[in-house]
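Below are the chains, spelled out letter by letter.
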Amino acid sequence: MNILVLLRVGRDPASFTVNRKAERIFVHRDEWRTAPADLNALEAALVLGDAGHMVMAVAIGGAEAAVALRAARAMGAARAVWVQDDALRDIDAGPMVAVVQRVIEHIGGAGLVLMGAEVPHADLAQVAARLAAAQGWAFVEEDAHAVQVEPAGTALTVTVAAGQGFHSVQTNEPAVVAVVEDANKPRYAPAANIVRVYNDPGAVERVSTTDLGLAEEALARLVTRRGERYPPERVFGQVVDGSTEEVARQLLRALRA
Amino acid sequence: MLREFCEQELKPRAKEVDRTGRQVPALLRWMGELGFFGIPFDQKYGGAGAGEVGYCILMQELNRACPSTATIIGAHIGIAAMSLYLDGSEALKQKYLPDLCAGRTIGAFGLTEPNAGSDAAGIQLRATLEADAYCLNGQKLWITNGPIADVVMVLAVTDPSLGARGGATCFVVEANTPGFAAGQPERKMGLHGSPTSLLNFDAVRVPKANVLGEVGLGFVTFMKTLDIGRVSLGAATLGGAEEALEASLRWVKARSQFGRAIAHMQSVQFMLADMATEIEALRALVYRTAWLVDNGQPFVKEAGMCKLLGSETASRCIDRALQIHGALGISREFALERGWRDARIAEIFEGTNEIQRIVIAGELLHERGVRIRP
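Residues numbered from 1 in each chain as written. Chains lettered and ligands numbered in written order. Predicted model: local features only at pLDDT ≥ 70, side-chain atom pairs only at ≥ 80, totals over all residues. Heavy atoms only, no water.

Caption draft 1: Region of the structure containing the overall build of chain B. Check the secondary structure of chain B and you find eleven helices and ten strands. Taken against the 2.2 N^0.38 rule, which gives 21 Å for 374 residues, the C-alpha radius of gyration of chain B at 21 Å falls within 12% of a compact globule. Overall, chain B is about 80 × 50 × 40 Å in size when its C-alpha atoms are taken along their principal axes. Within chain B, the proportion of its 374 residues that are buried is 55%. Only carbon and sulfur atoms are counted for the fraction: they give 55% of the accessible area of chain B, which is about 16,200 Å². Charge centroids of chain B, computed over 39 positive and 41 negative side chains, lie 3 Å from each other. (Helix = DSSP H or I, 4+ residues; strand = E, 2+ residues; numbered from the N terminus. Rg over C-alpha atoms; globule rule 2.2 N^0.38 Å. Buried < 20%, exposed > 50% of the residue type's maximum accessible area, 1.4 Å probe, protein only. Areas by Shrake-Rupley, 256 points an atom, 1.4 Å probe, with all protein chains shown as cover. Lys, Arg positive; Asp, Glu negative; His and termini not counted. Charge placed at Lys NZ, Arg CZ, Asp CG, Glu CD.)

Written as structure tokens, this is what we have:
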């Protein structure tokens, strides 16, 4: 079975500061990272890859997407598709679904699409649900931790967190599963694989939106940005000290005020 | 990816490794499985094929996170396995390198003796040919990885009439050979998690097939190995200096004095600027030299500079960071105090900085036609 993993790459939160007073975002360094939950999705896919399934990674955007894909190849993905377009860095959920749909066609179909359930860029968390709806596929989202493919047939068993434990959700392929962050521990790439992938110019397959046959209107954003508003500056808290009773009294006064 | 491993797996354990003086064996095995122990070597021997540049990246990241672990791997790759890789016969490489690259065996490099430190040519450990084997008698001191090594590259005198230059030979000695014994780990100021000990050779019989390189040319093999080792040592010190700068940058934003963050104080800014400038100079030197190594260019002078500038830069940067942190800098609860203790040895081992100055000056003058005799 072909398993597609979507890697969404965004600016590393440590590389910029949101300055509420100046109402500006200051970017200090050009550093990017793959959404942590997407790496958990990749690990869930690679576990299936170890059992003989074909794991393919896809990422959309500029050079940072290619870096994420090389890392995925080094970790064990069999194929990586980079939809190269700097203009798609700020893509939202609508066009991203359109791109992924075309990538699925491009790779000859997929039985399972995995991605993270949470993404720092909140709008992109919709991608899994929207993709499943657009494809008419089954969708498992809630706290998915791992996926098993039944040896016979096309049934999938998804382990889902529930309360203090887990339960299993069964569905059939094709399906989209959104894996929750920290569902597993992503593996580290062996050093030899890193070198091999970085020395192989063909390790990451590059396609453009034109190659995928996507018209400009298919890439139109769902949301139009009209402006930016920043939350007010944080007010420092008040330190209370004294005996326990005094502290409790002061706390009550502050809460009532 | 390497940084993630070091940050997530090594750094959280570094304090405990320093406190107990014990490594986590499972962690070393894991690093072996990931190929850390064979980073620079050809993939046909089980290495990663990342060359000197890749090896320098590894050492930089390891030393940022845990200098003790970096020292174990540095001695294992940079001098032990490297001497085998540089001058070993194909049979020796096939026999030992795959296990060394996978971390299934640990290597050490035996040069220093009671009467031979900076004067490496003064070694006295004797190897006598007896039928099909050499018999080794003597002692090596201050051997990194000594207590945990499975394989030791040892320099011994085979012809006393020729001295070390022409009369010394390098041997691959398996630690389970009768007569070989490692001493108790030394109690050191820093690098508590990196075991160092003496090695005792009491009629240790080493087959002729385990001669590394040519008989009588062992000193050349060892000096060549040390030249390359100095580049990666420079990279390791770069990691230590970077970590000190990062810690300082975090602290100056958080620490307030006289009603404002100490980042706003010029005296602190000057220290940060000096650290960053020296670190960038070191980075440029280290990676240019690694490039020279990978591209077969002469690098001996630059390698000496890497070790000299690196060790002194790291010591200065960590010392400044400690000053910026004030009393917290000397607290055992924080990493800086450990970093300060761990950094000092880099000015001493793998050729003291005084030796590096001699090497650099010798190369400089040699380029201008002046031959300096040792």
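Caption draft 2: Structural detail: the sheet that holds strand β12 (residues 175–179) of chain A. Residues and elements named next belong to chain A. With mixed pairing, the nine strands of this open sheet are ordered in space as β11-β10-β9-β12-β8-β1-β6-β7-β13. Whereas interior strands pair on both sides, the edge strands pair on one side only; in this sheet they are β11 (165–172) and β13 (205–207). Direction aside, neighbouring strands of the sheet carry axes that sit 35° apart on average. Note: strand β10 (residues 155–162) against β11, eight bridges, orientation antiparallel. In the sheet register, Ala161 faces β11, and the bridge partner there is Phe166. (Pairing = 2+ DSSP bridges. Axes fitted to C-alpha atoms, helices over the stretch in contact; angles between N-to-C directions.)

Caption draft 3: Inspection of the side chain of Thr34 of chain A at higher detail. Residue and element names in this part refer to chain A. Assignment of secondary structure puts Thr34 in strand β5 (residues 32–34). For Thr34, a relative accessible area of 14% corresponds to the buried category. Not counting residues up to four positions away in its chain, the partners in contact with Thr34 are Leu7, Arg8, Val9, Leu39 and Ala68. (Contact = heavy atoms within 4.5 Å.)

Caption draft 4: Region of the structure containing the domain arrangement of chain B. Residue and element names in this part refer to chain B. Taken as a whole, chain B is organised into domain 1 (2–106), domain 2 (109–216) and domain 3 (220–366). Relative to domain 2, the C-alpha centre of domain 1 lies at a distance of 21 Å. In this complex, domain 1 contributes 23 residues to the contact, which on the side of domain 2 involves 20 residues. Carbon and sulfur atoms supply 64% of the area that domain 1 and domain 2 bury against each other, a total of about 1,800 Å² over both sides. Three residues, Leu92, Tyr96 and Ile106, lead the burial of domain 1 against domain 2; their summed loss comes to 31% of the area buried on that side. (Domains from an automatic or database assignment. Buried area = accessible area lost by both parts, 1.4 Å probe.)

Caption draft 5: Representation of the side chain of His76 of chain B. Take His76 of chain B: it is sitting in helix α4 (residues 67–87). Sequence-distant contacts of His76 of chain B, defined by excluding residues within four places in its chain, comprise Phe37, Ala81, Leu100, Thr105, Ile106, Gly107 and Asn145 of chain B.

Caption draft 6: Up close: empty space enclosed by the protein. Residues and elements named next belong to chain B. The final tally for this structure, using the stated rule, is one cavity of 30 Å³ or more. By volume, the largest cavity amounts to about 30 Å³. Lining of the largest cavity is provided by Ala14, Val17, Asp18, Cys66, Pro67, Ser68, Arg338 and Asp342. Breaking the lining of the largest cavity down by element, the ones donating at least two residues are α1 (2–20), α4 and α10 (335–343). Here the element with the most residues in the lining of the largest cavity is α1; it accounts for three residues. Among the residues making up the lining of the largest cavity, the classes are represented as four nonpolar, one polar and three charged. (1 Å grid on protein atoms, 1.4 Å probe; cavity = no way out; pocket = protein on both sides within 12 Å on 5 of 7 lines; lining within 4 Å. Points joined across faces, edges and corners; volume = space filled by probe spheres on them. Nonpolar A, V, L, I, M, F, W, Y, C, P; charged D, E, K, R; others polar.)

Caption draft 7: Local environment of the interface of chain A and chain B. At the interface, eleven residues of chain A touch 14 residues of chain B. Taken together, both faces of the contact between chain A and chain B bury some 960 Å²; the carbon and sulfur share is 68%. Taken together, the connections running from chain A to chain B amount to one salt bridge. Across the salt bridge formed by Lys185 of chain A and Glu9 of chain B, the nearest N and O atoms sit 2.6 Å from each other. Taken together, the links from chain A to chain B amount to five residue pairs in polar contact (both at pLDDT 80 or more). For the side of chain A that touches chain B, the elements supplying multiple residues, two or more each, are α2 (63–75) and α5 (191–199) of chain A. Classifying every residue of the side of chain A that touches chain B gives nine nonpolar, no polar and two charged. (Salt bridge = Lys/Arg side-chain N within 4 Å of Asp/Glu carboxyl O. Polar contact = N/O pair within 3.5 Å; in protein donor to acceptor, adjacent residues only side chain to side chain.)

Caption draft 8: Structural view of the nonpolar core. The biggest cluster of nonpolar side chains holds 91 residues, and the ones touching the most others in it are Leu10, Met31, Leu58, Leu62, Leu84 and Met153 of chain B. By residue number, the principal contributor to this core is helix α7 (residues 218–254) of chain B, which donates 13 residues. Not counting residues up to four positions away in its chain, the partners in contact with Met31 of chain B are Phe5, Leu10, Phe36, Phe37, Leu62, Thr69 and Ile73 of chain B. Counting residues in hydrophobic clusters, the runner-up holds 39 residues, among them Ala65, Met75, Leu114 and Val177 of chain A. (Core = buried A, V, L, I, M, F, W, Y, C linked by side-chain atoms within 4.5 Å.)

Caption draft 9: A look at the environment of Val119 of chain A. Residues and elements named next belong to chain A. Checked against the element boundaries, Val119 lands in the loop between β8 (112–116) and α4 (127–135). Val119 sits in the buried class, given a relative accessible area of 11%. Val119 sits 118 residues away from Met1 along the chain, and the two C-alpha atoms are 26 Å apart. Ignoring any residue separated from it by four or fewer positions in sequence, one finds Val119 in contact with Arg8, Ala35, Leu124 and Ala125.

Caption draft 10: Representation of the pairing of strand β2 (residues 126–130) of chain B within the structure. Residues and elements named next belong to chain B. Sheet topology note: the β2/strand β3 (residues 133–144) ladder contains five bridges and is antiparallel. Across the sheet, the residue bridging to Glu130 is Ala133, located in β3. Between β2 and β3, which pair antiparallel in sequence order, lie two residues; one of them, Ala131, sits at a positive phi of approximately 60°.

Caption draft 11: Broad picture of a nonpolar patch on the surface. On the surface, a nonpolar cluster with roughly 290 Å² of combined accessible area is contributed by Leu364, Leu365, Val370 and Ile372 of chain B. Here Ile372 of chain B shows up in the segment after α11 (353–367). (Patch = residues over 30% accessible without salt bridge, like charges linked within 9 Å, V, L, I, M, F, W, Y side chains within 5 Å.)

Caption draft 12: View of the packing of helix α9 (residues 300–325) of chain B against α11 of chain B. All names here are of chain B. The contact between α9 and α11 brings their axes to 9 Å, and the two run at 145°. The crossing of α9 and α11 is left-handed. For the pair α9 and α11, the contacting residues are Val300, Lys301, Gly304, Met305, Lys307, Leu308, Ser311 and Glu312 in the first and Asn353, Gln356, Arg357, Val359, Ile360, Glu363, Leu364 and Glu367 in the second. (Left-handed = near helix turned anticlockwise from the far one by under 90°.)

Caption draft 13: Structural view of the packing of aromatic side chains. Residues and elements named next belong to chain B. Scanning the model with the defined rule gives nine aromatic pairs over all chains in all. Judged by centre distance (5.1 Å) and plane angle (80°), the ring pair of Phe5 and Trp30 falls under edge-to-face. Taken together, the residues Phe5 in helix α1 and Trp30 in helix α2 (residues 25–33) connect sequence positions 25 residues apart. Exposure remark for Trp30: the relative accessible area of 27% places this residue in the partly exposed category. Aromatic side chains Tyr45 and Tyr85 sit 6.0 Å apart centroid to centroid with 90° between the ring planes, which places their arrangement in the edge-to-face category. Taken together, the residues span a long stretch of sequence, with Tyr45 in the loop between α2 and α3 (51–65) and Tyr85 in helix α4 at a distance of 40 residues. Since its relative accessible area comes to 24%, Tyr85 is described here as partly exposed. Above the ring of Tyr85, the side-chain terminus of Lys93 is found at 5.6 Å from the ring centroid. (Phe/Tyr/Trp six-rings, centres within 6.5 Å; stacked < 30°, edge-to-face > 60°. Lys NZ or Arg CZ within 6 Å of the ring centre and 35° of its normal.)

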